[in-house]
Amino acid sequence: MSNLRSDVSPRGLFVTFEGIDGSGKSTLLRRAALWLTSCGIAVRVTHEPGGTPFCDAIRGIFLDPQWGEVDGTVELLLVFASRRQHLLEVIDPALAAGEVVLCDRFTDSTLAYQGAGRGVARERIDQIDRIATAGRRPDLTLLFDLPLGEAERRMGAAERGGHDRLDGENRAFAARVRDGFLALAAAEPERVRTIDATESLAATTSAMKKVLGAALGLAP
Ligand code: TMP
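If you're wondering where the values come from, they're calculated on a predicted model, not measured in any experiment.

Novice: Would you mind showing me how to read the packing of helix H3 (residues 72–96) against helix H4 (residues 107–117) here?
Specialist: Between two packed helices, both the angle of their axes relative to each other and the distance between the axes serve to describe the pair. Where H3 contacts H4, the axes come no closer than 11 Å and their chain directions differ by 175°. Between H3 and H4, the crossing angle belongs to the class labelled roughly antiparallel. Facing H3, whose interface residues are Gly-72, Glu-75, Leu-76, Val-79, Phe-80 and Arg-83, H4 presents Thr-107, Thr-110 and Gln-114. Partitioning the contact of H3 with H4 into residue classes produces three nonpolar, four polar and two charged.

Novice: I tried to follow the packing of aromatic side chains on my own but got confused; where do I start?
Specialist: Pairs of aromatic rings are described using the distance from one ring centre to the other and the angle between the two planes. Tallied over the entire structure, the rule returns four aromatic pairs. With centroids separated by 6.2 Å and ring planes inclined at 55°, the aromatic side chains of Tyr-113 and Phe-173 adopt a geometry described as tilted. Of this pair, Tyr-113 sits in helix H4 while Phe-173 sits in helix H7 (residues 171–187), placing them 60 residues apart in sequence. Side by side, Tyr-113 and Phe-173 carry an identical accessibility label, which is buried. Three or more aromatic residues joined by ring pairs make a cluster, and in this case those are Tyr-113, Phe-173 and Phe-181. Sitting above the plane of the Phe-106 ring, Arg-83 keeps its charged end 5.1 Å from the centroid. Positioned above the aromatic ring of Phe-62, the side-chain terminus of Arg-165 is 5.2 Å from the ring centre.

Novice: Before we go on, may I ask you to explain the confidence of the model for the protein in this structure?
Specialist: Segments scoring low in pLDDT should not have their predicted coordinates read at a detailed level. The share of residues in the protein with pLDDT of 70 or more is 92%, and the mean pLDDT across the chain is 92. Counting interchain partners and residues more than four positions distant, the pLDDT-below-50 stretch residues 6–10 has four contacts.

Each value, and the rule that gives it
- Residues numbered from 1 in each chain as written.
- Predicted model: local features only at pLDDT ≥ 70, side-chain atom pairs only at ≥ 80, totals over all residues.
- Heavy atoms only, no water.
- Axes fitted to C-alpha atoms, helices over the stretch in contact; angles between N-to-C directions.
- Helix = DSSP H or I, 4+ residues; strand = E, 2+ residues; numbered from the N terminus.
- Parallel < 35°, antiparallel > 145°, perpendicular 65-115°, else oblique.
- Contact = heavy atoms within 4.5 Å.
- Nonpolar A, V, L, I, M, F, W, Y, C, P; charged D, E, K, R; others polar.
- Phe/Tyr/Trp six-rings, centres within 6.5 Å; stacked < 30°, edge-to-face > 60°.
- Buried < 20%, exposed > 50% of the residue type's maximum accessible area, 1.4 Å probe, protein only.
- Lys NZ or Arg CZ within 6 Å of the ring centre and 35° of its normal.
- pLDDT = per-residue confidence, 0-100.

Put into structure tokens, the structure is as follows:
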């Protein structure tokens, strides 16, 4: 398990779901999985940080509010430790088996949260990324975008101010993260497809199906 498949073209398709907290991406990912499965496609659903028991243990440390403020580079190292193991153990084997991998967050989240949000330099992120993943990117990324106020409204009072360590961050942080995601989409519009998530769940689901269906050659 020491090599990543960066030099081998995957047979499956690696699709990631991104967005700020409250964007609805996880609900949409579940809907995508149900839809693709009903079309007879082998789907692997997974998430970051996490995706294996070991990586979920890293996630537990990463998100535990008891640790309070943690240095951005330490966060970077934690998410990439999880990411490398997750790629080796789950993502690459699934792609090699021809599955469509639907992953809730990946390196774009690191660029948005640790980069744009925390201010960790892009050069430093790329350096660790090269070591951990050989600069691996998904085949397709669905970015569910909506204004902060709407995301907050959806998360509701129960989640606001939150249960995980990053939920405690302020509005300015969340605004930088959203802008970070939008900058990534602007830089790579072919891979990162922005989907307007302000509409109803039904409308967003149908927009998502269009993009995903086109990538997989399916009728929406
Ligand atoms: P989730 O709420 O989508 O499960 O993600 C957990 C939190 O972890 C979320 O606030 C975003 C954050 N995160 C990072 O800060 N960097 C990363 O690389 C990833 C994958 C997530």
